[in-house]
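Remarks on the overall topology
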Amino acid sequence: MARGVFPSGRLPLIEAYAASLASDGVVRGLIGPREVPRLWERHLLNCAVLGHAIPDGVAVCDIGSGAGLPGLVLAIARPDLRITLVEPLLRRTTYLSEVVQELGLENVEVLRGRAEELHGGRRFDVVTSRAVAPLERLLRWSMPLVAPQGSLVAMKGSSINDEIETASPVLRKLGCARPEVTSLGEGVVDPQTIVVRVAHADPGQVGLGDARRTGGRTTAKPREPRRRR
Ligand SMILES: C[S@@+](CC[C@H](N)C(=O)[O-])C[C@H]1O[C@@H](n2cnc3c(N)ncnc32)[C@H](O)[C@@H]1O
């Protein structure tokens with residue numbers, strides 16, 4: 001099944017990552033031993049299909065990556081993406097950095113910290129997450145990191161419609177467009193991966209200055225240079 005989902009040249013990398021999660025990941029308490037038999041179906045393939053919701057060549061920030069899900073899987077499946085993994089716990093960022101180095105992944109940056117600490121400093125085309133927080137809180141953490149034309153793309157469970165309902169005041173307050181829910185991975189994973197996408201309702205209202213400060217790629221137009229009098 002992995003053959004249809006990962007480019008053939010990346011299969012050795014995803015197999016090495018799977019082996020690392022099943023050994024080191026368990027020993028270091030990053031993944032439960034009961035997850036090992038279902039590592040491919042419930043974790044690796046399930047995260048890889050998220051790539052179908054991400055455009056080519058963009059900058060992605062995966063918040064709360066844990067042991068690298070979905071961020072590291074995307075980095076392996078999609079070498080065209082530039083991936084930033086944001087994770088506050090040292091034990092987890094140490095593991096992430098080691099895997100990135102061991103696999104020789106050149107499209108990954110690992111940052112230790114909370115998503116909120118990047119607000120006002122970085123913006124990304126896509127901000128992903130899995131099992132990090134209810135949508136209401138996820139919006140507060142993620143939307144300030146989303147570029148004007150970008151979107152939050154979060155993996156969610158079957159209660160997503162209830163989460164959207166609960167989050168409606170926050171969606172309004174943050175100026176979000178109506179969330180779109182889709183299922184990905186038909187014929188690859190069962191159940192399919194449920195994904196919610198949230199964009200800015202009015203990209204023109206999204207601050208431009210902060211993204212330009214850090215070199216985080218953004219689809220925002222540069223401001224007109226100030227005229228000299
Ligand atoms: C349940 S784990 C999920 C890990 C991984 N995404 C997965 O699906 O296996 C939630 C992760 O979110 C991280 N986290 C919690 N609050 C965060 C925040 N404010 N910013 C970024 N990450 C956060 C935690 O340290 C933890 O690694």
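All values reported here derive from a predicted model rather than from experimental measurement. (Residues numbered from 1 in each chain as written. Predicted model: local features only at pLDDT ≥ 70, side-chain atom pairs only at ≥ 80, totals over all residues. Heavy atoms only, no water.)

Those residues of helix α6 (residues 135-142) that fall on the buried side of the exposure criterion are Leu 135, Leu 138, Leu 139, Trp 141 and Ser 142. Considering only its buried residues, α6 is in contact with β1 (59-63), β4 (124-130), β5 (146-156), α7 (160-166), α8 (168-173) and β7 (193-199). (Buried < 20%, exposed > 50% of the residue type's maximum accessible area, 1.4 Å probe, protein only. Helix = DSSP H or I, 4+ residues; strand = E, 2+ residues; numbered from the N terminus. Contact = heavy atoms within 4.5 Å.)

Before going further, it helps to examine the site of the ligand. Close contacts around the ligand come from 15 residues, with Leu 69, Glu 87, Arg 92, Glu 116 and Arg 130 the closest. Within the backbone of Gly 64, one N or O atom sits 2.8 Å away from a nitrogen atom of the ligand. With the chains in place, 79% of the 600 Å² that the ligand exposes on its own is no longer accessible. For the shell around the ligand, the class distribution of residues is 7 nonpolar, 3 polar and 5 charged. (Near = heavy atom within 4 Å. Polar contact = N/O pair within 3.5 Å; in protein donor to acceptor, adjacent residues only side chain to side chain. Areas by Shrake-Rupley, 256 points an atom, 1.4 Å probe, with all protein chains shown as cover. Nonpolar A, V, L, I, M, F, W, Y, C, P; charged D, E, K, R; others polar.)

Using the criterion set out here, one finds 8 salt bridges in the structure. Arg 28 serves as the salt-bridge partner of Asp 24, at 3.0 Å between the closest nitrogen and oxygen. Residue class for Asp 24 comes out partly exposed when judged on its relative accessible area of 31%. Here the salt bridges do not stand alone but share partners, grouping Asp 24, Arg 28 and Glu 98 into one network. (Salt bridge = Lys/Arg side-chain N within 4 Å of Asp/Glu carboxyl O.)

The strand order across the open sheet built from 7 strands is β3-β2-β1-β4-β5-β7-β6, with neighbouring strands paired in mixed fashion. Of all strands in the sheet, those with a lone pairing partner are β3 (108-112) and β6 (180-184), marking the two edges. Each strand axis lies, on average, 25 degrees off the axis of its neighbour in the sheet, ignoring direction. Bridge count between β1 and β4: 3 bridges; the pairing is parallel. If you follow Asp 62 over to β4, its bridge partner there is Thr 128. Running over the sheet, helix α5 (residues 90-103) touches β2 (82-87) and β3 and is turned about 165 degrees from β3. Packed on one face of the sheet, α6 meets β1, β4, β5 and β7 and runs near 150 degrees to β5. (Pairing = 2+ DSSP bridges. Axes fitted to C-alpha atoms, helices over the stretch in contact; angles between N-to-C directions.)

Moving on, we come to the packing of helix α2 (residues 11-27) against helix α3 (residues 39-48). At a minimum axis separation of 12 Å, α2 and α3 run at an interaxial angle of 125 degrees. Of the possible angle classes, the one that applies to α2 and α3 is oblique. Both α2 and α3 take part in a crossing whose hand is right-handed. Touching Ile 14, Glu 15, Tyr 17, Ala 18, Leu 21 and Ala 22 of α2 are Leu 39, Trp 40 and Leu 44, all from α3. Residue classes in the contact of α2 with α3 are distributed as 8 nonpolar, no polar and 1 charged. (Parallel < 35°, antiparallel > 145°, perpendicular 65-115°, else oblique. Left-handed = near helix turned anticlockwise from the far one by under 90°.)

If you look at the biggest cluster of nonpolar residues, it comprises 47 residues, and the most contacted ones within it are Phe 6, Tyr 17, Leu 44, Leu 72 and Val 73. Within the residue set of this core, elements represented by two or more residues are α1 (2-5), α2, α3, α4 (71-77), β2, α5 and β5. Contacts of Leu 72, omitting those with residues within four sequence positions, involve Tyr 17, Ala 67, Leu 85, Leu 96, Val 99, Val 100, Leu 105 and Val 108. Membership of the second largest hydrophobic core comes to 26 residues, among which are Ile 63, Val 146, Ala 154 and Val 198. (Core = buried A, V, L, I, M, F, W, Y, C linked by side-chain atoms within 4.5 Å.)

This paragraph deals with the environment of Ala 154. In this structure, Ala 154 sits in strand β5. Once the C-alpha coordinates of Ala 154 and Gln 101 are considered, the two residues, 53 residues apart in sequence, prove to be 26 Å apart. Setting aside its immediate chain neighbours within four residues, Ala 154 contacts Ser 129, Leu 138, Ile 194, Val 195 and Val 196.

Where β5 lies against β7, 6 bridges are found, and the strand directions are antiparallel. Within β7, the position partnered with Ala 154 by the bridge is Val 196. Bridging between β6 and β7 involves 5 bridges; their strand directions are antiparallel. Bridging across to β7, Thr 182 finds its partner in Val 195.

For the rest of this paragraph, the subject is the state of the cysteines. Enumeration over the complete set of coordinates arrives at 0 disulfides. Free of any disulfide, Cys 47 has its nearest neighbouring cysteine sulfur in Cys 61, separated by 15 Å. Owing to a relative accessible area of 0%, Cys 47 belongs among the buried residues under this scheme. (Disulfide = S-S within 2.5 Å.)

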